[in-house]
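# Residue-level structural notes
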Amino acid sequence: QVQLVESGGGLVQAGGSLRLACAASVRSFSWHAMGWFRQAPGKEREFVAGISRSGLGTDYADSVKGRFTISRDNAQNAVLLQMNSLKPEDTAVYYCALDLWGDNSRNEQEYDYWGQGTQVTVSS
């Protein structure tokens, strides 16, 4: 059974930083691409960032490019999302997701397992 547990969310002022972490309980973590998505109140869930199995390939939504960095530690079964220069519009529940078969997709339908989410609130 695959489990994903996010941590690191919280309340921060605009311009501040947060680092989200996702711990994965899964065999062969390095075989699977990972992604971060977010859902703001009243909006659909959207892609934020993705990382390939090896960690060499990354992808970002235009809205976060240059401010967020995704990384993974395959030895620790973890994926991180460093968020800098946060804006009020980044406020959302952030979800970690695992793709069993693909590699670095923006399509949430490609992802097979999801964490419970962690709240990020950015005040102006």
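Quick look at the structure, then. For every chain, the first residue of the written sequence is number 1, and numbering continues from 1 onward in sequence order. Restriction of local features to residues with pLDDT of at least 70 applies here, the model being predicted, together with a cutoff of 80 or more for giving and counting side-chain atom pairs; totals for whole chains, interfaces and linings are based on all residues. Side-chain measures here rest on the full set of heavy atoms in the structure, leaving out hydrogens and waters.

So, about the overall build of the protein. Only DSSP runs of H or I with at least four residues qualify as helices, and only runs of E with at least two residues qualify as strands; both kinds are numbered from the N terminus onward. Along the protein, the regular secondary structure elements total 0 helices and 11 strands. Sequence-ordered secondary structure for the protein, helices as α and strands as β, is β-β-β-β-β-β-β-β-β-β-β. Here the radius of gyration uses the C-alpha set of atoms, whereas the globule reference equals 2.2 Å times the residue count to the power 0.38. Its C-alpha atoms give the protein a radius of gyration of 13 Å, near enough to 14 Å, the size a compact globule of 124 residues would have. Projecting the C-alpha coordinates of the protein onto the three principal axes gives extents of approximately 40 × 25 × 25 Å. Think of it in three bands: residues with accessible area under 20% of the maximum for their type are buried, residues over 50% are exposed, and the middle band is partly exposed, with areas taken using a 1.4 Å probe on protein chains only. The burial tally for the protein puts 45% of its 124 residues in the buried class. What makes two residues a contact is simply this: any of their non-hydrogen atoms within 4.5 Å. Partitioning the contacts of the protein with sequence separation of at least 6, the portion at a separation of at least 24 is 58%. Each accessible area value is a Shrake-Rupley result obtained with a 1.4 Å probe; residue values ignore everything except the protein chains displayed when judging cover. Total accessible area computed for the protein in this model is approximately 6400 Å², and 46% of it derives from carbon and sulfur atoms. Taken as two groups, the 11 positive and 13 negative side-chain charges of the protein have centres that lie 4 Å from each other. The positive count covers Lys and Arg only, the negative count covers Asp and Glu only, and His and the chain ends enter neither. Taken as the charge location is NZ of Lys, CZ of Arg, CG of Asp or CD of Glu.

Now for the pairing of strand β5 (residues 46–51). Where burial is concerned, most of β5 is hidden: 5 out of the 6 residues are buried. Inspection of the sheet shows strand β4 (residues 33–39) paired to β5 by 5 bridges, in the antiparallel sense. When the sheet's bridge partners are listed, Arg38 is paired in β5 with Glu46. Counted between consecutive antiparallel strands, the loop separating β4 from β5 contains 6 residues, among which Gly42 sits at a positive phi close to 75°. One bridge is not enough; two strands pair if DSSP finds at least two bridges between them. In this sheet, strand β6 (residues 58–60) lies alongside β5 in antiparallel orientation, the contact comprising 3 bridges. Opposite Ala49, over in β6, you have Tyr60 as the bridge partner. If you look at the hairpin formed by β5 and β6, you'll find 6 residues sitting between the two strands, and Gly55 has a positive phi there, around 90°.

Let's shift gears to the state of the cysteines. In this description, the term disulfide denotes a pair of cysteine sulfurs within 2.5 Å. Counting across every chain of the model gives 1 disulfide. In this model, Cys22 is linked to Cys96 through a disulfide, with the two sulfur atoms separated by 2.1 Å. Of note, the bridge from Cys22 to Cys96 carries an S-S torsion of about -75° and is left-handed in sense. Pair noted here: Cys22 is in strand β3 (residues 18–25) and Cys96 is in strand β9 (residues 92–99), with a separation of 74 residues, a long-range link. On the basis of relative accessibility, which here comes to 0%, the residue Cys96 falls in the buried class.

Let us now look at the environment of Arg106. With respect to the helices and strands, the residue Arg106 is situated in the loop between β9 and β10 (113–114). The sequence separation of Arg106 and Ala14 amounts to 92 residues, and the corresponding C-alpha distance is 26 Å. The contacts of Arg106, once residues within four sequence positions are left out, are Phe37, Phe47, Asp59, Tyr60 and Ala61.

For Asn77, which is not a glycine, the phi torsion comes out positive at approximately 55°. At Ser85, a position not held by glycine, the phi torsion is positive, near 50°. Along the chain, Ser85 falls in the loop between β8 (78–83) and β9.

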